[in-house]
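# Understanding the architecture of this molecule
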Amino acid sequence: MNRFQVLNGPEEGRVAEFGAGTFLVGRHSSADLVLSGAAVSGRHLELVIGEDGRVRFRDLGSTNGTWSGGLKVQEGEWFPGTELRLGDIRLRLLDPADAAPPEAGGGEPAAAAADRDLHERAVREALSGRRRGGPLVFVLLLAAIAAATWFLLPRLDDGAGAESAAAPAAPAGGGPAAGPNDLLGGLGAFDSESAASWQLGPGLSIADGALRAAGPAPARAVLATRIEPAACTLVFQAETGGGRVWPLVEFGPEDGDRAAAVWSGPDLGAAASSITLPCDRAGWCRVGLRLEPGATVRALRVEEGEAKAAAERPQVGWEVVAAGANLILNRQGERLFDAAGAAGDWRASPDGLSFQAGGDWLRLAPGPDQTLLALVEGGPPVEARAGGELPAVTGLLLRGSTRLWARFEQPAAAFSGPDGLFFPDPPSFRFTWRLDEALAEAARLDRAVRRAAQEGDTAGLLAAARELLFAWPVDEQEVAAAEAARDAAIAAGREEFARLEQEVAEAIFLAAEGEMRRLQRTAAELAARFPGTDLEREAQEMAAVLGSEADRLGEDRRERAAAYRSRLLSALRRAYPALAAWLES
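Residues numbered from 1 in each chain as written. Predicted model: local features only at pLDDT ≥ 70, side-chain atom pairs only at ≥ 80, totals over all residues. Heavy atoms only, no water.

### Description of the environment of Glu467
One can find Glu467 in helix H5 (residues 458-471). Residue class for Glu467 comes out partly exposed when judged on its relative accessible area of 34%. Separated by 88 residues in sequence, Glu467 and Gly379 place their C-alpha atoms 9.6 Å apart. When residues no more than four places from it in sequence are discounted, the contact partners of Glu467 are Glu441, Arg444, Leu445 and Trp472. (Helix = DSSP H or I, 4+ residues; strand = E, 2+ residues; numbered from the N terminus. Buried < 20%, exposed > 50% of the residue type's maximum accessible area, 1.4 Å probe, protein only. Contact = heavy atoms within 4.5 Å.)

In structure tokens, the structure reads:
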């Protein structure tokens, strides 16, 4: 019977006994030896115990690895008296001699004696030159390193040793020691040892125990190491200054590497900030921070909380998972969109979702097969990931397998980019999947477009098409029809404008003032029929040029007439003074 002792963590001191067979060690409740450490994977390690009592181990692709003597190992033989570290939890395979307490008067502890014997055995094996098989020699060498480390580390007295055993080991990335509840294992100290564990965005730096943001825009810092918390809520605590700092959590399923979402929590400046996650979707996590320019962070800690993100099903096939301003919306297993925010609240109803703004930022991102459009005041819809500043967003439209619609009471500023649509100060709004009102308005405008086309009312056609395309683009067939009618009208206007340009060129060449006046009126009429288009602007410019040229020709004509009259009168005064006087009178 082999005995395995847990040396730290929530199960510290527990001893599990296994006979011959195959056994699973991990965080999942189905494991034969359950370890609830945050850095332990659900299926972390497999143990195979032979009839002869020999123990072999195999790492099952864990997130934070299996370690022996400071080296990461995949599989091998586990010798009695030695330790393995699974994430942040240490296990010892007890030697039979460990069952008896050390003799009074202080002699060598049984575990230390076993390590010494194992060390000597490994050294003899490595130096003997005999070929005993590569894997065994490799495992023996690892065990020798572990044993040597045991003897070289400073020993504590009995009282200090008990306190040391209660503290969890630091994560594989190194870093300062942390308290028993810190899931980061001290990596939030932002010292020289922990700096390498953080992925820093533009303008971020780590120095003198602080994370600083010096760039012109907000930036992210993400911890490279994944954690696997046993609870569904992460509580962030830190010392901040110089600007706002928001916690972030990227999470995904235990059996997948792709993140399901990135959620956020309130600013850390006022108090501890919590992020509640959906337990069934958060098999692993990576924590991060979003910093305003000028912000600093010190002494970051992350602990486990008790709350859980609730999943609601307002209708058959719909699933709403929300906590605060964070949201995942699915329909029949397909991701429609997700949201992350620092403050606010989502509420589901039978016909949609309502967002109550909390005075801080909100990000919306469409699912893989969806398109999220921002309805912009006075302009065409803009895709959420197009990139650029949107000063006045009046609503939202989600297109794909399902359509969702939202109208804002007041326009709101936003930015579109790779992460979706970002609102620095979002409005409260309601997303609905019942589009009766929007579809009715779009149908009315569709009829107006068709009627104007039949009547030859180009201005009416363009006005109705513009409103449908910019404000009510909910029906894709009606959108396509409006775009086609608009494009056909503008193409016809372009042909008319090209003919007009030719006539204008001839009139200017001939200096035909009267023809210019006629063409000026024609250009002005053309501009009036194409409001809000480039053609309107170009026709107006043509009319202005024609008017100016006609005015110049008229002035020249008047000046020439005045000069001729003056010369005529001068001649008459000399030859016929009486006639000249009569003409002048």
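Right, picking up where we left off after that structure.
### Observations concerning the pairing of strand E5 (residues 45-49)
On E5, burial follows the alternation: Leu45, Leu47 and Ile49 on one face are buried, whereas Glu46 and Val48 on the facing-out side are not. Bridge analysis of strand E3 (residues 21-26) against E5 gives five bridges, and the strand direction is antiparallel. Bridged to Thr22 within E5 is Val48. When E5 meets strand E6 (residues 55-59), the two strands line up antiparallel, connected through five bridges. Among the inter-strand pairings, Glu46 is bridged to a residue of E6, identified as Arg58. Following E5, the chain reverses through five residues before pairing antiparallel with E6; Gly53 in that reversal takes a positive phi of roughly 90°. (Pairing = 2+ DSSP bridges.)

### Regarding the pattern of salt bridges
Counted under the stated rule, the structure contains 30 salt bridges. Its salt-bridge partner being Arg54, residue Glu77 comes within 2.6 Å of it at the nearest N-O pair. Residue Glu77 is found in strand E9 (residues 75-78), and its partner Arg54 is found in the loop between E5 and E6; the two are separated by 23 residues along the sequence. As a salt-bridge pair, Arg301 and Glu303 come within 2.7 Å of each other at their nearest N and O atoms. Among the residues examined, Arg301 registers a relative accessible area of 27% and is labelled partly exposed. Connected through salt bridges with shared partners, the residues Arg494, Arg537, Glu538 and Glu541 form a single ionic network. (Salt bridge = Lys/Arg side-chain N within 4 Å of Asp/Glu carboxyl O.)

### Points about the sheet that holds strand E8 (residues 71-73)
Judged by pairing direction, the sheet is antiparallel, and its six strands sit side by side in the order E2-E1-E11-E10-E7-E8 without closing on themselves. Each of the sheet's edge strands pairs with one partner strand only, and the pair in question is strand E2 (15-18) and E8. Ignoring strand direction, the axes of neighbouring strands in this sheet form an average angle of 30°. Sheet analysis places strand E7 (residues 66-68) next to E8, joined by three bridges and oriented antiparallel. Its bridge partner being in E8, Trp67 is matched across the sheet by Lys72. (Axes fitted to C-alpha atoms, helices over the stretch in contact; angles between N-to-C directions.)

### Observations concerning helix H6 (residues 476-510)
Along its 35 residues, H6 runs 51 Å from first to last C-alpha, staying within 8% of the 51 Å computed at 1.5 Å per residue. Along H6, the residues that are buried comprise Glu478, Val479, Ala482, Ala485, Ala489, Gly493, Phe497, Leu500, Val504 and Ala507. Looking at the buried side of H6, the elements it contacts are strand E31 (388-399), helix H4 (436-455), H5, helix H7 (513-529) and helix H8 (534-575). A side-chain oxygen of the first residue of H6 lies 3.0 Å from the backbone nitrogen of Gln477; this N-cap is Asp475. At the exit of H6 stands Ala511, carrying a positive phi of roughly 55°. (Expected span 1.5 Å × (residues − 1). Polar contact = N/O pair within 3.5 Å; in protein donor to acceptor, adjacent residues only side chain to side chain.)

### Section: the packing of H4 against H6
At a minimum axis separation of 10 Å, H4 and H6 run at an interaxial angle of 30°. Here H4 lies roughly parallel to H6, going by the angle between them. For the pair H4 and H6, the sense of crossing is left-handed. Residues Ala442, Ala443, Asp446, Val449 and Arg450 of H4 form the contact with H6, whose participating residues are Glu478, Ala481 and Ala485. The residue inventory of the contact of H4 with H6, partitioned by class, reads five nonpolar, no polar and three charged. (Parallel < 35°, antiparallel > 145°, perpendicular 65-115°, else oblique. Left-handed = near helix turned anticlockwise from the far one by under 90°. Nonpolar A, V, L, I, M, F, W, Y, C, P; charged D, E, K, R; others polar.)

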